[in-house]
Every structure is written in structure tokens, then in C-alpha cells.
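Okay, here's what each chain looks like letter by letter:
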Amino acid sequence: MFLRSFLFLMLLCCTIFCHAQDAKDFMFGTALDLAKTDYEGILKKAQFSAEGHYFFTRSITASAGFDVWTSDGVSFVLGGRWYPMDNFFTRVRGLIGENDIALGAGWNQVLSDRWRFEAMADFYFKGDFAMRAGVMYVVPHK
């Protein structure tokens, strides 16, 4: 029992001090859809995104960017993320141009002190579901 409690306490301390981002950091990145429910064939309706994030706190961000569809054009995107844990996030995004809202969740893996790999899934209120992956670059506020 003591060993289990000690290991839990050590893991908790590590997660407190080994975080991926700080308040006032910026993060920029891009992602590509791996699968989407309105799939029409290879690159016939591909989608990618570019976005930037500002960390108000270690766990709350505001984001802005754009999504590009090869057949439908461009949508400006505003949203935010909540990180309940350092490597897991939930997000909400409003797509201006597509007139849709997306709710999603994702996971990131730290590649270095600045680079992150991300995988995420989104549900669009118009009825689509998408999975995407990408990379992010963290710019510290210091």
C-alpha cells in the first residue's frame, strides 16, 4: 500500500512540473484530415487547417485560423481549447464561411521542447465527423 501511494505521489509531482505549455505562450500549427464522413476520393475533397493559439492559462486557449477544402473553399475559424491534462484537450470551433460549429477532442505528444504532434477528432453540427493529425510549434512568452 505504501509503495503504491508513493508511486502515485511521484507521478503526480512529475505531471505538475512536466507541462507542455505556460500561460502567455503562443502555439502555431497545421493539420490534415485523415478521414471525414463526406469523403469523395483521394484528394477530391481534402481538407487542411492552419491555426494559432494563445494560452490565457496553462489549460485555456483562444484560437484563430482557417480551414481549406479543395472543393469548397476557405473558412475562417475562431475557437478555443481546454486542456484538462497536459496531453489531452477538448475544443470548440466556429467555422465562418462554412457556417458550422465543430466540437472535438484531441491528444498531443511532445516531440521536443517546442514541437508537438497532435491527433484529434471533430463532430460538425451539420452532421460530419472528421479525424485529423498535424504538428504544432510552441513560442514561449519569455
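For the structure itself, look to the data block above.
Residues numbered from 1 in each chain as written. Predicted model: local features only at pLDDT ≥ 70, side-chain atom pairs only at ≥ 80, totals over all residues. Heavy atoms only, no water.

A.B. asks: So what exactly am I meant to see when it comes to the pairing of strand S1 (residues 26-36) here?
C.D. replies: On a regular strand, each side chain points to the face opposite its neighbour's, so the side chains alternate between the two faces of the sheet. Note: S1 against strand S2 (residues 47-55), seven bridges, orientation antiparallel. Across the sheet, Phe 28 pairs through a bridge with Gly 52, a residue of S2. Examined bridge by bridge, S1 and strand S8 (residues 129-139) share 10 bridges and lie antiparallel to one another. Following the sheet pairing, Leu 32 is matched in S8 by Ala 133. (Pairing = 2+ DSSP bridges. Helix = DSSP H or I, 4+ residues; strand = E, 2+ residues; numbered from the N terminus.)

A.B. asks: So what exactly am I meant to see when it comes to the sheet that holds strand S6 (residues 100-110) here?
C.D. replies: One key point about sheets: their strands pair by backbone hydrogen bonds, in either a parallel or an antiparallel sense. Read around the closed barrel, eight strands run S1-S2-S3-S4-S5-S6-S7-S8, paired in antiparallel fashion. In this sheet, adjacent strand axes meet at a mean angle of 25 degrees when their direction is disregarded. The sheet contact formed by strand S5 (residues 88-96) and S6 spans eight bridges and is antiparallel. By the bridge assignment for S6, Arg 91 is matched with Gly 104. (Axes fitted to C-alpha atoms, helices over the stretch in contact; angles between N-to-C directions.)

Keep in mind these numbers describe shape, not what the thing actually does.
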